[in-house]
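Observations on chain architecture
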Amino acid sequence: MPESITITDNRTGETIEVPIVDGAIDGAAWSKLLKGVWFYDPSFSTTAAAESAITELDGENGILRYRGYPIEQLAEHSTYLEVAYLLIFGELPLPAELAAWTHEITTHTYVHDNFRRKLFDPYHYDAHPMGLLTSSVAGMSTFYPDAKNIDDAGVRTEQMVRLIAKIPTLAAAAYRFSVGMPYVFPDNDLDYATNFLAMMFKVAEPGFECPPALSKALDVLFILHADHEQNCSTTAARVVGSSHADPYSTVAAACAALYGPRHGGANEAVLRMLDEIGSIDNVEPFVDAVKEGKGRLMGFGHRVYKNFDPRATIIKKAAYDVFEHTGKNPLLDIALTLEEVALADDYFVSRKLYPNVDFYSGLIYEALGFPTNIFTVLFAIPRTAGWLSHWNEMLEQGSRIARPRQVYAGPAVRDYVPISQR
Ligand code: CMC
C-alpha cells in the first residue's frame, strides 16, 4: 500500500499525490493545489507545527522520551541539570562536559540586586509569584541586550545558561517578596534543587538542612516537567521566538502561557479543588457535579495522553517517598478516592480522562512546604530547559515566522455611518 494520500480538487478535477512522511503530509503540497483553502484547526489538534528531535510522546501508549531516553530511566538515574543538557545539546554529557555545564549554571545563579529590587518593588505585597516571574524574565532582556544576537550560537548558549541558572533565583525571590521575607542569595555549594529550596525556605544563617530524599524528589519533579514537546507554553515560545525576539522575551511569553489553569496552573487548581472537596464523603457529589458540567476535574485529562500519563505514575510513587519523611498529606486520601471514583465512571472512561502530571504533583509540593500560589512557578523552573531547547532547535533549523491564516467570519464590506446617523 503506498504511503501517500491523493487529493482531488472537485472544482477543477486536478489531483495530486502527497507522500505521508513520519505520519505527516507536507502542508506546502496541499497549498500548491488548493490555494486559499486553509485547514481550520484553531487548537492545532491536527497540525504538526514543528519537526523536532527533542521529545517523543506517544499518547495512546503512555510513552514519553527525551532524545530517545525513556522518562522512567531518566527519573530514576539522571539529574535535572544532566537532563537539561540532554534536551539542549541532544546527547548525554561526558563526565567533563557535565562538570563544566554544572559549573556554568552554578556560577550564573546570581541576579543583580538592583535589577531584582527595581523590578519587584513596585508590585503589591500579595502579587502572584507567577506574575512576578513572568515580568522579571521579560525584564532580563533589558539587562542583557547582547541576547538579541540570536544568530550567534555562542550567544544563544550563554543566554540559555543564564536563564536556567537564574530562574530559580527569580522564582524564590518572587515568593519571598510575596510573603515579605528578605531575599536569600544562591549558595553555589548546593546542587540545583537544594539551592532552590534554600533560597525559598532559609530563615537564618548559617545553613539550610534538607533531607537528601526531599531535594531528590524535587529534582525528579524537575526532570518530569523539563519538556513535553509542542505543549501550549512551548508553542507560545516558538511563535514568539519565530519573530526573532530575544530569548528572555520568548521565555516570558512561555511563562505567561503556562500560568493558565488548563496548563501549568492546573497543579494549583488541583489543590484548591481537593481543599474545596474537603472530605471523602464529598467526593461522589463533586464528581456528579463535574459530570453535570459544573466545572472540571482538575489534574485529569490531556490533549495527547489517552491512556495514562507516564509522569503521573512516577509522581504517585514519588509522593509516597516524600510522605515517608514529611508525613502523609491529609489531602492524599481525598485524591486517591477521587481517582478511584473517576476511573470507575463511564463519563471519564469514555472520554479517556486519566490523572495527568498535575494530579499528584501539588500534594508533593505542599508536603515539601511550598505554598499553593508557587506551584506553577515550580513547573516553570524546569520547563525553561524545554522551552529553550525548542527555541534553539527552531533557530538552528532556520524556520520562518509563525503566521497562521484565519477563516474570516465577520460582516461583508459596509459603509461607515457617522455617529449622528446611528
Ligand atoms: N474534567 C471533566 N471533563 C473533562 C475534563 C476534566 N478535567 N477534561 C476534558 N473533559 C471533557 C470535556 O468536557 C469534553 O467533554 P464533551 O466531549 O462531552 O464536551 C471532553 O472531555 C474532551 O475535552 P476537551 O476540552 O475537548 O479536551 P482538550 O484536549 O481540549 O483539553 C485539557 C485538554 C488538559 C485542557 C483538559 O482535559 C482539561 O481542562 N483538564 C483539566 C486541567 C488540567 O488538568 N490541565 C493539566 C494538563 S497536563 C499538564 C500540562 O501539560 O499543562
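Right above here is the structure, for reference.
All of the points below concern the structure found in this document. (Residues numbered from 1 in each chain as written. Predicted model: local features only at pLDDT ≥ 70, side-chain atom pairs only at ≥ 80, totals over all residues. Heavy atoms only, no water.)

**Some thoughts on the pattern of salt bridges**
Following the criterion strictly, the structure yields 12 salt bridges and no others. E56 serves as the salt-bridge partner of R65, at 3.3 Å between the closest nitrogen and oxygen. You can call E56 partly exposed: its relative accessible area is 42%. Sharing partners across several salt bridges, the network here consists of D146, E158 and R162. (Salt bridge = Lys/Arg side-chain N within 4 Å of Asp/Glu carboxyl O. Buried < 20%, exposed > 50% of the residue type's maximum accessible area, 1.4 Å probe, protein only.)

**Notes on the sheet that holds strand β5 (residues 69–70)**
Reading across the sheet, the three strands line up as β3-β4-β5 and stay open at both edges, with antiparallel pairing between neighbours. Of all strands in the sheet, those with a lone pairing partner are β3 (55–58) and β5, marking the two edges. Here two bridges tie strand β4 (residues 63–66) to β5, and the two strands are oriented antiparallel to one another. Looking across to β5, one finds that Y66 is bridged to Y69. (Pairing = 2+ DSSP bridges. Helix = DSSP H or I, 4+ residues; strand = E, 2+ residues; numbered from the N terminus.)

**Things to note about the packing of helix α6 (residues 129–143) against helix α11 (residues 247–258)**
Between two packed helices, the angle of one axis relative to the other and the distance separating the axes together describe the packing. Axis separation between α6 and α11 bottoms out at 7 Å; the angle between their running directions is 165 degrees. The angle between α6 and α11 places the two elements in the roughly antiparallel class. Pair α6 / α11 crosses with left-handed handedness. Judged by residue contacts, M130, L133, T134, V137, A138, M140 and S141 of α6 engage Y248, S249, V251, A252, C255, A256 and L258 from α11. Across the contact of α6 with α11, the residue classes tally to 11 nonpolar, three polar and no charged. (Axes fitted to C-alpha atoms, helices over the stretch in contact; angles between N-to-C directions. Parallel < 35°, antiparallel > 145°, perpendicular 65-115°, else oblique. Left-handed = near helix turned anticlockwise from the far one by under 90°. Contact = heavy atoms within 4.5 Å. Nonpolar A, V, L, I, M, F, W, Y, C, P; charged D, E, K, R; others polar.)

**A short note on the environment of S420**
As for its position among the elements, S420 is in the segment after α18 (375–397). Along the primary structure S420 and Q397 are separated by 23 residues, whereas in three dimensions their C-alpha atoms are 55 Å apart.

**Quick word on the pairing of β4**
Because side chains alternate across β4, one face comprises the buried residues L64 and Y66, and the other comprises I63 and R65, none of which is buried. Sheet topology places β3 next to β4; four bridges connect them, and they run antiparallel. Bridge pairing links T55 to Y66 in β4. Connecting β3 to the antiparallel partner β4 that follows it, the hairpin turn spans four residues, and G62 within it adopts a positive phi of roughly 65 degrees. What sits between the antiparallel neighbours β4 and β5 is a turn of two residues, in which R67 has the positive phi angle 50 degrees.

**Here's the deal with the pairing of strand β1 (residues 4–9)**
Looking at chain direction, β1 and strand β2 (residues 14–19) are connected through six bridges and run antiparallel. Among the inter-strand pairings, S4 is bridged to a residue of β2, identified as P19. The antiparallel pairing of β1 with β2 creates a hairpin that spans four residues between the two strands, and G13 there sits at a positive phi of about 80 degrees.

**Focus on the environment of A171**
Note on placement: A171 falls in helix α7 (residues 153–178). Residue A171 is classed as buried on the basis of its relative accessible area of 0%. Measuring from C-alpha to C-alpha, the distance between A171 and P285 comes to 37 Å, with 114 residues separating the pair along the chain. Leaving out residues up to four positions away in the same chain, A171 has contacts with L133, F196, I374, V377 and I381.

**Observations regarding helix α12 (residues 266–277)**
If you check α12, its first and last C-alpha atoms are 16 Å apart, about what 12 residues at 1.5 Å a residue would give, namely 16 Å. A266, N267, E268, A269, V270, L271, M273, L274 and I277 are the residues of α12 that are buried. Elements that come into contact with the buried residues of α12 comprise α13 (283–291), α15 (332–343), α17 (357–367) and α18. Of the residues one or two after α12, G278 is the one with positive phi, at around 75 degrees. (Expected span 1.5 Å × (residues − 1).)

**Considerations on the packing of aromatic side chains**
Tallied over the full model, the rule gives 22 aromatic pairs. One aromatic cluster is present, formed by Y80, Y175, Y192, F196, F201, F222, Y365, F370 and F375 through successive ring pairs. If you follow R351 out to its NZ or CZ, it ends over the ring of Y347, 3.8 Å from the centre. (Phe/Tyr/Trp six-rings, centres within 6.5 Å; stacked < 30°, edge-to-face > 60°. Lys NZ or Arg CZ within 6 Å of the ring centre and 35° of its normal.)

**Describing the site of the ligand**
Residues in contact with the ligand amount to 20 residues; listed here are only the nearest, H263, R296, L297, G299 and R303. Interatomic distance of 2.7 Å between a backbone N/O atom of L297 and a nitrogen atom of the ligand. With respect to the ligand, the backbone of F300 contributes an N or O atom lying 2.9 Å from a nitrogen atom. Along the lines of polarity and charge, the residues of the shell around the ligand split into nine nonpolar, six polar and five charged. (Near = heavy atom within 4 Å. Polar contact = N/O pair within 3.5 Å; in protein donor to acceptor, adjacent residues only side chain to side chain.)

Keep in mind that these numbers describe shape and distance, not what the molecule does.
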